[in-house]
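Below, each chain spelled out in residue letters.
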Amino acid sequence: MPSAISPINAEPTVRAGQSFAPRVVLNDCTLREGEQASEVNFGLDARLKIAEALHDAGIAQVQAGYPGRSETDFKTIVEIRRRFPSWTVEAVTQVFQKDWREQIDRAVDSGADWIDLIYPVSDVRLSVVQKVTRSQMLVRAVEAVSYACERAPNVRFAPTDTGRADLGFLESVYRAVVDAGAKRVTVADTVGALHPRATAFLVRRAVDVAGVPVQVHFHDDFGLALANTIAAAEAGATILDGTVLGVGERAGNAPLEELAASLEILYGVSTGAKLERMSTLAALVASVSRVAIPPHKAIVGSHAFAHKLDAHVMGVSMGASAYESVAPETFGNRRHIGLGRLSGGNAVRARLHQLGLNVEDESLIDALASEVRSTAERQSEPIGDDQLLAMLERLKSAA
(Lines give C-alpha, C1' and ligand atoms only; values in the text may rest on other atoms or scores of the structure.)
Protein backbone atom coordinates (compact mmCIF):
# COMPACT_ATOMS: atom_id res chain seq x y z
CA MET A 1 0.00 0.00 0.00
CA PRO A 2 1.47 3.41 -0.96
CA SER A 3 2.84 5.30 2.02
CA ALA A 4 0.68 8.35 1.26
CA ILE A 5 -2.52 6.36 1.81
CA SER A 6 -3.98 6.51 5.30
CA PRO A 7 -2.66 3.70 7.51
CA ILE A 8 -6.10 3.56 9.14
CA ASN A 9 -7.33 1.77 6.01
CA ALA A 10 -5.34 -1.29 7.08
CA GLU A 11 -6.30 -1.31 10.76
CA PRO A 12 -7.62 -4.77 11.74
CA THR A 13 -10.72 -3.22 13.28
CA VAL A 14 -11.44 -1.41 10.03
CA ARG A 15 -10.84 -4.57 8.00
CA ALA A 16 -13.06 -6.69 10.24
CA GLY A 17 -16.18 -7.85 8.46
CA GLN A 18 -14.85 -7.28 4.95
CA SER A 19 -15.38 -10.25 2.66
CA PHE A 20 -13.42 -9.24 -0.43
CA ALA A 21 -12.64 -12.03 -2.85
CA PRO A 22 -8.90 -12.49 -3.55
CA ARG A 23 -9.60 -10.94 -6.92
CA VAL A 24 -12.73 -9.26 -8.25
CA VAL A 25 -13.81 -9.00 -11.87
CA LEU A 26 -14.46 -5.55 -13.29
CA ASN A 27 -17.21 -5.72 -15.89
CA ASP A 28 -17.38 -2.65 -18.09
CA CYS A 29 -20.87 -1.74 -19.31
CA THR A 30 -20.01 1.36 -21.34
CA LEU A 31 -21.00 -0.29 -24.63
CA ARG A 32 -24.44 -1.14 -23.23
CA GLU A 33 -25.34 1.06 -20.27
CA GLY A 34 -23.18 3.97 -21.42
CA GLU A 35 -25.05 4.14 -24.68
CA GLN A 36 -28.31 4.40 -22.76
CA ALA A 37 -27.26 7.88 -21.69
CA SER A 38 -29.62 10.29 -23.44
CA GLU A 39 -26.95 12.07 -25.50
CA VAL A 40 -24.79 9.06 -26.47
CA ASN A 41 -24.93 6.92 -29.61
CA PHE A 42 -21.97 4.74 -30.54
CA GLY A 43 -21.45 3.49 -34.07
CA LEU A 44 -19.71 0.18 -34.66
CA ASP A 45 -16.27 1.77 -35.14
CA ALA A 46 -16.58 3.74 -31.91
CA ARG A 47 -17.73 0.66 -30.02
CA LEU A 48 -14.73 -1.31 -31.22
CA LYS A 49 -12.33 1.53 -30.33
CA ILE A 50 -13.73 1.58 -26.80
CA ALA A 51 -13.53 -2.20 -26.58
CA GLU A 52 -9.89 -2.18 -27.65
CA ALA A 53 -9.05 0.51 -25.08
CA LEU A 54 -10.82 -1.44 -22.34
CA HIS A 55 -8.92 -4.57 -23.28
CA ASP A 56 -5.62 -2.69 -23.30
CA ALA A 57 -6.47 -1.25 -19.86
CA GLY A 58 -6.75 -4.74 -18.41
CA ILE A 59 -10.50 -4.70 -17.77
CA ALA A 60 -11.38 -8.36 -17.33
CA GLN A 61 -14.86 -8.42 -18.82
CA VAL A 62 -17.00 -6.35 -21.18
CA GLN A 63 -20.77 -6.17 -21.56
CA ALA A 64 -21.34 -5.51 -25.24
CA GLY A 65 -25.07 -4.90 -25.55
CA TYR A 66 -28.26 -6.53 -26.81
CA PRO A 67 -27.39 -8.74 -29.81
CA GLY A 68 -31.00 -9.92 -30.04
CA ARG A 69 -32.24 -6.32 -30.37
CA SER A 70 -29.48 -4.65 -32.37
CA GLU A 71 -27.47 -5.82 -35.36
CA THR A 72 -24.70 -3.39 -34.37
CA ASP A 73 -24.48 -4.99 -30.95
CA PHE A 74 -24.36 -8.43 -32.57
CA LYS A 75 -21.54 -7.37 -34.87
CA THR A 76 -19.71 -5.79 -31.94
CA ILE A 77 -19.62 -9.07 -30.06
CA VAL A 78 -18.59 -11.06 -33.13
CA GLU A 79 -15.71 -8.67 -33.83
CA ILE A 80 -14.58 -8.52 -30.20
CA ARG A 81 -14.46 -12.30 -30.09
CA ARG A 82 -12.44 -12.32 -33.30
CA ARG A 83 -9.93 -9.72 -32.11
CA PHE A 84 -9.68 -10.80 -28.48
CA PRO A 85 -10.62 -14.49 -28.31
CA SER A 86 -9.57 -14.91 -24.67
CA TRP A 87 -11.47 -11.85 -23.39
CA THR A 88 -14.74 -12.42 -21.53
CA VAL A 89 -17.78 -10.90 -23.25
CA GLU A 90 -21.35 -10.62 -21.99
CA ALA A 91 -24.53 -10.37 -24.05
CA VAL A 92 -27.78 -9.12 -22.53
CA THR A 93 -31.26 -10.45 -23.25
CA GLN A 94 -34.59 -9.08 -22.05
CA VAL A 95 -36.55 -12.22 -21.22
CA PHE A 96 -39.65 -10.30 -20.18
CA GLN A 97 -40.31 -9.64 -23.87
CA LYS A 98 -42.27 -11.88 -26.23
CA ASP A 99 -39.27 -12.68 -28.39
CA TRP A 100 -37.13 -13.82 -25.46
CA ARG A 101 -36.22 -17.13 -27.08
CA GLU A 102 -35.03 -15.41 -30.25
CA GLN A 103 -32.99 -12.97 -28.16
CA ILE A 104 -31.28 -15.84 -26.35
CA ASP A 105 -30.61 -17.65 -29.62
CA ARG A 106 -29.10 -14.53 -31.14
CA ALA A 107 -26.93 -13.93 -28.07
CA VAL A 108 -25.63 -17.48 -28.27
CA ASP A 109 -24.97 -17.11 -32.00
CA SER A 110 -22.91 -13.98 -31.34
CA GLY A 111 -20.34 -16.07 -29.49
CA ALA A 112 -20.69 -14.25 -26.17
CA ASP A 113 -19.15 -16.04 -23.19
CA TRP A 114 -21.97 -15.12 -20.81
CA ILE A 115 -25.65 -14.91 -21.64
CA ASP A 116 -27.38 -12.49 -19.26
CA LEU A 117 -31.11 -12.80 -18.73
CA ILE A 118 -32.89 -9.70 -17.45
CA TYR A 119 -36.32 -9.66 -15.82
CA PRO A 120 -37.59 -7.07 -13.28
CA VAL A 121 -38.35 -8.42 -9.82
CA SER A 122 -39.83 -5.50 -7.86
CA ASP A 123 -43.59 -5.36 -7.39
CA VAL A 124 -43.79 -1.86 -8.85
CA ARG A 125 -42.12 -2.93 -12.08
CA LEU A 126 -44.06 -6.20 -12.31
CA SER A 127 -47.45 -4.60 -11.75
CA VAL A 128 -47.03 -1.26 -13.51
CA VAL A 129 -44.80 -2.14 -16.49
CA GLN A 130 -44.78 -5.90 -17.07
CA LYS A 131 -48.33 -6.36 -15.75
CA VAL A 132 -47.62 -9.85 -14.47
CA THR A 133 -47.81 -11.50 -11.07
CA ARG A 134 -44.86 -12.69 -9.04
CA SER A 135 -45.65 -16.29 -9.89
CA GLN A 136 -45.78 -15.49 -13.62
CA MET A 137 -42.41 -13.77 -13.38
CA LEU A 138 -40.91 -16.76 -11.57
CA VAL A 139 -42.22 -19.21 -14.16
CA ARG A 140 -40.72 -17.17 -17.00
CA ALA A 141 -37.41 -16.79 -15.15
CA VAL A 142 -37.00 -20.53 -14.70
CA GLU A 143 -38.16 -21.22 -18.25
CA ALA A 144 -35.70 -18.73 -19.71
CA VAL A 145 -32.76 -19.99 -17.65
CA SER A 146 -33.52 -23.59 -18.61
CA TYR A 147 -33.77 -22.64 -22.28
CA ALA A 148 -30.53 -20.65 -22.20
CA CYS A 149 -28.64 -23.37 -20.32
CA GLU A 150 -29.52 -25.85 -23.05
CA ARG A 151 -27.69 -23.60 -25.52
CA ALA A 152 -24.84 -22.00 -23.58
CA PRO A 153 -22.56 -23.07 -20.72
CA ASN A 154 -22.58 -19.76 -18.85
CA VAL A 155 -25.86 -18.12 -17.93
CA ARG A 156 -26.43 -15.25 -15.50
CA PHE A 157 -29.87 -14.29 -14.25
CA ALA A 158 -30.31 -10.61 -13.46
CA PRO A 159 -33.51 -9.80 -11.54
CA THR A 160 -33.46 -6.07 -12.12
CA ASP A 161 -34.67 -3.51 -9.56
CA THR A 162 -33.60 -5.88 -6.80
CA GLY A 163 -33.11 -2.92 -4.47
CA ARG A 164 -36.88 -2.45 -4.28
CA ALA A 165 -37.93 -6.12 -4.38
CA ASP A 166 -39.62 -8.06 -1.63
CA LEU A 167 -36.77 -9.95 0.05
CA GLY A 168 -38.64 -13.20 0.45
CA PHE A 169 -39.69 -13.28 -3.19
CA LEU A 170 -36.23 -12.24 -4.35
CA GLU A 171 -34.67 -15.12 -2.45
CA SER A 172 -37.14 -17.56 -4.00
CA VAL A 173 -36.14 -16.26 -7.44
CA TYR A 174 -32.44 -16.72 -6.69
CA ARG A 175 -32.99 -20.31 -5.53
CA ALA A 176 -35.15 -21.19 -8.49
CA VAL A 177 -32.87 -19.82 -11.22
CA VAL A 178 -29.79 -21.42 -9.67
CA ASP A 179 -31.63 -24.75 -9.51
CA ALA A 180 -32.46 -24.24 -13.20
CA GLY A 181 -28.76 -23.84 -14.04
CA ALA A 182 -27.80 -20.16 -13.64
CA LYS A 183 -24.13 -19.85 -12.69
CA ARG A 184 -24.31 -16.21 -11.62
CA VAL A 185 -27.01 -13.95 -10.22
CA THR A 186 -27.24 -10.19 -9.92
CA VAL A 187 -28.05 -7.49 -7.41
CA ALA A 188 -29.07 -4.48 -9.50
CA ASP A 189 -30.01 -1.12 -8.00
CA THR A 190 -31.80 -0.10 -11.17
CA VAL A 191 -33.08 3.26 -9.90
CA GLY A 192 -30.31 4.11 -7.47
CA ALA A 193 -32.48 3.64 -4.39
CA LEU A 194 -30.04 1.86 -2.05
CA HIS A 195 -27.47 3.24 0.36
CA PRO A 196 -24.22 1.39 1.18
CA ARG A 197 -25.36 -0.37 4.36
CA ALA A 198 -28.52 -1.62 2.67
CA THR A 199 -26.43 -2.70 -0.30
CA ALA A 200 -24.09 -4.74 1.89
CA PHE A 201 -27.06 -6.38 3.61
CA LEU A 202 -28.71 -7.28 0.31
CA VAL A 203 -25.51 -8.64 -1.24
CA ARG A 204 -24.77 -10.81 1.78
CA ARG A 205 -28.27 -12.27 1.52
CA ALA A 206 -27.77 -12.94 -2.20
CA VAL A 207 -24.39 -14.61 -1.61
CA ASP A 208 -25.80 -16.83 1.14
CA VAL A 209 -29.01 -17.77 -0.65
CA ALA A 210 -27.79 -18.21 -4.22
CA GLY A 211 -24.52 -19.99 -3.52
CA VAL A 212 -23.09 -18.79 -6.84
CA PRO A 213 -21.02 -15.70 -7.72
CA VAL A 214 -22.95 -12.45 -7.33
CA GLN A 215 -22.61 -9.66 -9.89
CA VAL A 216 -23.68 -6.11 -8.99
CA HIS A 217 -24.88 -3.11 -10.96
CA PHE A 218 -25.54 0.30 -9.42
CA HIS A 219 -26.93 3.61 -10.63
CA ASP A 220 -25.80 7.01 -9.39
CA ASP A 221 -29.09 8.82 -8.77
CA PHE A 222 -27.93 9.86 -5.28
CA GLY A 223 -24.23 9.92 -6.11
CA LEU A 224 -23.71 6.59 -4.32
CA ALA A 225 -23.02 4.17 -7.18
CA LEU A 226 -19.31 3.92 -6.41
CA ALA A 227 -19.84 3.64 -2.64
CA ASN A 228 -22.52 0.99 -3.18
CA THR A 229 -20.33 -1.00 -5.54
CA ILE A 230 -17.48 -1.04 -3.04
CA ALA A 231 -19.89 -1.95 -0.23
CA ALA A 232 -21.08 -4.82 -2.40
CA ALA A 233 -17.52 -6.01 -2.95
CA GLU A 234 -16.86 -5.81 0.80
CA ALA A 235 -19.93 -8.00 1.29
CA GLY A 236 -18.77 -10.69 -1.14
CA ALA A 237 -19.82 -9.65 -4.64
CA THR A 238 -17.19 -10.80 -7.12
CA ILE A 239 -18.24 -9.26 -10.46
CA LEU A 240 -18.59 -5.47 -10.36
CA ASP A 241 -20.23 -3.41 -13.11
CA GLY A 242 -19.09 0.08 -14.02
CA THR A 243 -18.87 2.45 -16.97
CA VAL A 244 -16.06 4.74 -18.05
CA LEU A 245 -16.70 8.20 -16.55
CA GLY A 246 -19.88 6.76 -15.04
CA VAL A 247 -21.71 7.43 -18.32
CA GLY A 248 -25.13 5.80 -18.29
CA GLU A 249 -28.86 6.21 -18.04
CA ARG A 250 -30.11 9.16 -15.97
CA ALA A 251 -27.33 10.09 -13.51
CA GLY A 252 -25.16 7.25 -14.76
CA ASN A 253 -23.34 4.39 -13.05
CA ALA A 254 -20.28 3.63 -10.95
CA PRO A 255 -17.28 5.23 -12.72
CA LEU A 256 -15.00 2.39 -13.77
CA GLU A 257 -11.79 4.39 -13.34
CA GLU A 258 -12.68 5.40 -9.77
CA LEU A 259 -13.78 1.87 -8.93
CA ALA A 260 -10.53 0.35 -10.19
CA ALA A 261 -8.38 2.96 -8.44
CA SER A 262 -10.22 2.68 -5.12
CA LEU A 263 -10.10 -1.10 -5.02
CA GLU A 264 -6.46 -1.39 -6.04
CA ILE A 265 -5.03 1.44 -3.93
CA LEU A 266 -7.33 2.04 -0.97
CA TYR A 267 -8.40 -1.56 -0.38
CA GLY A 268 -5.54 -3.55 -1.86
CA VAL A 269 -7.91 -5.66 -3.96
CA SER A 270 -6.57 -7.01 -7.23
CA THR A 271 -8.62 -6.18 -10.31
CA GLY A 272 -6.08 -6.61 -13.11
CA ALA A 273 -6.76 -3.07 -14.30
CA LYS A 274 -3.84 -1.05 -15.63
CA LEU A 275 -4.37 2.15 -13.72
CA GLU A 276 -1.89 4.09 -15.84
CA ARG A 277 -4.29 3.66 -18.80
CA MET A 278 -7.28 5.23 -17.06
CA SER A 279 -6.80 8.80 -18.33
CA THR A 280 -6.31 7.66 -21.91
CA LEU A 281 -9.36 5.40 -21.67
CA ALA A 282 -11.49 8.22 -20.25
CA ALA A 283 -10.33 10.65 -22.95
CA LEU A 284 -11.31 8.20 -25.68
CA VAL A 285 -14.78 7.60 -24.28
CA ALA A 286 -15.27 11.35 -23.81
CA SER A 287 -14.28 11.94 -27.42
CA VAL A 288 -16.51 9.34 -29.06
CA SER A 289 -19.46 9.92 -26.71
CA ARG A 290 -19.14 13.73 -26.83
CA VAL A 291 -19.47 13.75 -23.04
CA ALA A 292 -16.95 16.23 -21.63
CA ILE A 293 -14.78 15.21 -18.70
CA PRO A 294 -15.33 17.72 -15.85
CA PRO A 295 -11.95 19.33 -15.05
CA HIS A 296 -12.13 18.28 -11.40
CA LYS A 297 -13.33 14.73 -12.11
CA ALA A 298 -11.56 12.36 -9.73
CA ILE A 299 -8.67 10.32 -11.15
CA VAL A 300 -8.91 11.48 -14.79
CA GLY A 301 -9.95 15.15 -14.76
CA SER A 302 -7.45 17.68 -16.12
CA HIS A 303 -7.47 19.43 -12.71
CA ALA A 304 -7.87 16.34 -10.52
CA PHE A 305 -4.33 17.01 -9.31
CA ALA A 306 -4.43 20.82 -9.35
CA HIS A 307 -2.85 23.04 -6.70
CA LYS A 308 -3.30 26.81 -6.40
CA LEU A 309 -2.71 28.06 -2.85
CA ASP A 310 0.94 29.07 -2.65
CA ALA A 311 1.60 27.16 0.57
CA HIS A 312 0.21 24.00 -1.02
CA VAL A 313 2.30 24.46 -4.15
CA MET A 314 5.38 24.88 -1.96
CA GLY A 315 4.47 21.71 -0.08
CA VAL A 316 4.07 19.72 -3.28
CA SER A 317 7.41 20.98 -4.54
CA MET A 318 9.06 19.78 -1.33
CA GLY A 319 7.31 16.41 -1.34
CA ALA A 320 4.25 15.63 -3.45
CA SER A 321 2.80 13.20 -0.92
CA ALA A 322 2.26 16.13 1.46
CA TYR A 323 -0.78 17.15 -0.63
CA GLU A 324 -1.38 14.12 -2.88
CA SER A 325 -2.20 10.61 -1.69
CA VAL A 326 -1.24 9.21 -5.10
CA ALA A 327 0.92 10.64 -7.88
CA PRO A 328 -1.08 11.72 -10.96
CA GLU A 329 1.17 9.56 -13.15
CA THR A 330 -0.38 6.54 -11.44
CA PHE A 331 -3.43 7.12 -13.63
CA GLY A 332 -1.68 8.56 -16.67
CA ASN A 333 -2.65 12.05 -15.49
CA ARG A 334 -0.49 15.05 -14.60
CA ARG A 335 -0.29 17.79 -12.02
CA HIS A 336 -1.66 21.28 -12.74
CA ILE A 337 -0.69 24.54 -11.02
CA GLY A 338 -3.31 27.28 -11.00
CA LEU A 339 -2.80 30.99 -10.29
CA GLY A 340 -4.98 33.49 -8.46
CA ARG A 341 -5.28 36.07 -5.67
CA LEU A 342 -3.32 33.95 -3.18
CA SER A 343 -0.51 32.91 -5.48
CA GLY A 344 3.07 33.64 -4.57
CA GLY A 345 6.47 32.97 -5.99
CA ASN A 346 6.22 29.21 -5.50
CA ALA A 347 3.08 28.91 -7.61
CA VAL A 348 4.32 31.29 -10.30
CA ARG A 349 7.66 29.51 -10.58
CA ALA A 350 5.96 26.11 -10.70
CA ARG A 351 3.52 27.18 -13.43
CA LEU A 352 6.32 28.65 -15.53
CA HIS A 353 8.22 25.41 -15.12
CA GLN A 354 5.19 23.48 -16.38
CA LEU A 355 5.24 25.77 -19.42
CA GLY A 356 8.89 24.89 -20.04
CA LEU A 357 10.38 28.09 -18.60
CA ASN A 358 13.01 28.17 -15.86
CA VAL A 359 13.21 31.72 -14.44
CA GLU A 360 15.99 32.03 -11.84
CA ASP A 361 15.74 35.79 -11.21
CA GLU A 362 14.02 35.94 -7.79
CA SER A 363 13.19 39.63 -8.11
CA LEU A 364 11.48 38.96 -11.43
CA ILE A 365 9.52 36.07 -9.88
CA ASP A 366 8.47 38.27 -6.96
CA ALA A 367 7.36 41.06 -9.30
CA LEU A 368 5.45 38.59 -11.47
CA ALA A 369 3.73 37.07 -8.44
CA SER A 370 2.70 40.54 -7.30
CA GLU A 371 1.19 41.34 -10.70
CA VAL A 372 -0.60 37.98 -10.77
CA ARG A 373 -2.21 38.72 -7.42
CA SER A 374 -3.26 42.26 -8.29
CA THR A 375 -4.65 41.16 -11.65
CA ALA A 376 -6.59 38.32 -10.05
CA GLU A 377 -8.18 40.80 -7.63
CA ARG A 378 -9.60 42.75 -10.57
CA GLN A 379 -10.95 39.88 -12.71
CA SER A 380 -13.27 36.94 -12.21
CA GLU A 381 -11.46 34.62 -14.62
CA PRO A 382 -8.40 32.60 -13.63
CA ILE A 383 -4.98 33.79 -14.74
CA GLY A 384 -4.42 32.10 -18.09
CA ASP A 385 -1.09 31.00 -19.49
CA ASP A 386 -1.10 33.60 -22.26
CA GLN A 387 -1.86 36.27 -19.67
CA LEU A 388 0.97 35.05 -17.43
CA LEU A 389 3.49 35.02 -20.27
CA ALA A 390 2.44 38.52 -21.35
CA MET A 391 3.03 39.76 -17.80
CA LEU A 392 6.44 38.12 -17.78
CA GLU A 393 7.45 39.76 -21.04
CA ARG A 394 6.32 43.20 -19.85
CA LEU A 395 8.31 42.87 -16.63
CA LYS A 396 11.40 41.66 -18.47
CA SER A 397 11.17 44.57 -20.91
CA ALA A 398 10.80 47.07 -18.08
CA ALA A 399 13.79 45.71 -16.19
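What counts and how
- Residues numbered from 1 in each chain as written.
- Predicted model: local features only at pLDDT ≥ 70, side-chain atom pairs only at ≥ 80, totals over all residues.
- Heavy atoms only, no water.
- Helix = DSSP H or I, 4+ residues; strand = E, 2+ residues; numbered from the N terminus.
- Contact = heavy atoms within 4.5 Å.
- Lys, Arg positive; Asp, Glu negative; His and termini not counted.
- Charge placed at Lys NZ, Arg CZ, Asp CG, Glu CD.
- Patch = residues over 30% accessible without salt bridge, like charges linked within 9 Å, V, L, I, M, F, W, Y side chains within 5 Å.
- Areas by Shrake-Rupley, 256 points an atom, 1.4 Å probe, with all protein chains shown as cover.
- Salt bridge = Lys/Arg side-chain N within 4 Å of Asp/Glu carboxyl O.
- Buried < 20%, exposed > 50% of the residue type's maximum accessible area, 1.4 Å probe, protein only.
- Pairing = 2+ DSSP bridges.
- Axes fitted to C-alpha atoms, helices over the stretch in contact; angles between N-to-C directions.
- 1 Å grid on protein atoms, 1.4 Å probe; cavity = no way out; pocket = protein on both sides within 12 Å on 5 of 7 lines; lining within 4 Å.
- Points joined across faces, edges and corners; volume = space filled by probe spheres on them.
- Nonpolar A, V, L, I, M, F, W, Y, C, P; charged D, E, K, R; others polar.
- Polar contact = N/O pair within 3.5 Å; in protein donor to acceptor, adjacent residues only side chain to side chain.

A. Spatial organisation of the overall build of the protein. The helix and strand tally for the protein stands at 15 helices and 10 strands. Expressed along its principal axes, the backbone C-alpha trace of the protein runs to roughly 85 × 50 × 40 Å. Nonlocal contacts in the protein, meaning residues at least 24 apart in sequence, comprise 72% of its contacts between residues at least 6 apart. Across the protein, the mean location of the 41 positive side-chain charges is 3 Å away from that of the 49 negative side-chain charges.

B. Molecular detail of a nonpolar patch on the surface. On the surface, a cluster of nonpolar side chains totalling about 250 Å² of accessible area is made up of Val-124, Val-128 and Val-129. With respect to the helices and strands, the residue Val-128 is situated in helix 5 (residues 123-130).

C. Representation of the pattern of salt bridges within the structure. Tallied over the entire structure, the rule returns 27 salt bridges. A salt bridge links Asp-105 to Arg-151, with the shortest nitrogen-to-oxygen separation between them at 3.4 Å. With Asp-105 in helix 4 (residues 100-110) and Arg-151 in the loop between helix 6 (134-149) and strand 5 (155-160), this residue pair connects regions lying 46 residues apart in the sequence. A relative accessible area of 27% places Asp-105 in the partly exposed class. The partly exposed category is assigned to Arg-151, whose relative accessible area is 36%. Linked by salt bridges that have partners in common, Glu-35, Arg-47 and Asp-73 make up one network.

D. The sheet that holds strand 8 (residues 239-242), seen in detail. Read around the barrel, eight strands follow the order 1-2-3-4-5-6-7-8 and close on themselves; strand pairing throughout is parallel. Ignoring strand direction, the axes of neighbouring strands in this sheet form an average angle of 25°. Looking at chain direction, strand 3 (residues 88-94) and strand 4 (residues 114-120) are connected through five bridges and run parallel. Across the sheet, Gln-94 pairs through a bridge with Ile-118, a residue of strand 4. Strands strand 5 and strand 6 (184-189) of the sheet are contacted by helix 7 (residues 167-179), whose axis makes an angle of about 150° with strand 6.

E. How the structure looks around the layout of surface pockets. If you add up the space inside the largest pocket, you get close to 420 Å³. Around the largest pocket, the lining comprises 23 residues; the ones closest to its centre are Arg-32, Glu-33, Ile-118, Thr-160 and Thr-190. Put simply, the parts of the chain that give the lining of the largest pocket at least two residues each are strand 3, strand 4, strand 5 and strand 6. Examining the composition of the lining of the largest pocket, we find that three residues originate from one element, strand 5, more than from any other. Each residue belonging to the lining of the largest pocket can be placed in one class, and the counts come to seven nonpolar, eight polar and eight charged.

F. Highlighting the environment of Ser-6. Mapped onto the elements of the fold, Ser-6 is located in the segment before helix 1 (12-15). Along the chain, Ser-6 and Val-121 lie 115 residues apart, while their C-alpha atoms are 40 Å from each other. Side-chain polar atoms of Ser-6 contact the backbone nitrogen of Ile-8, separated by 3.2 Å.

G. Looking closely at the pairing of strand 8. Of the two faces of strand 8, both are covered, the one formed by Ile-239 and Asp-241 as well as the one formed by Leu-240 and Gly-242. Pairing analysis gives four bridges linking strand 1 (residues 25-28) to strand 8, with the strands arranged parallel. Note on strand 8: the bridge partner recorded for Val-25 is Ile-239. Strand direction decides the pairing type here: strand 7 (residues 214-218) and strand 8, joined by two bridges, are parallel. Across the sheet, the residue bridging to Gln-215 is Ile-239, located in strand 8.

H. A look at the environment of Met-318. The topology assignment puts Met-318 in helix 12 (residues 310-318). Here Met-318 falls in the exposed class, since its relative accessible area comes to 69%. Residues Met-318 and Ser-343, spaced 25 residues apart in sequence, show a C-alpha to C-alpha distance of 17 Å.

I. Highlighting unusual backbone geometry. The backbone phi angle of Arg-290 is positive, close to 60°, even though this residue is not glycine. Relative to the elements of secondary structure, Arg-290 occurs in the loop between helix 11 (278-289) and strand 9 (306-307).

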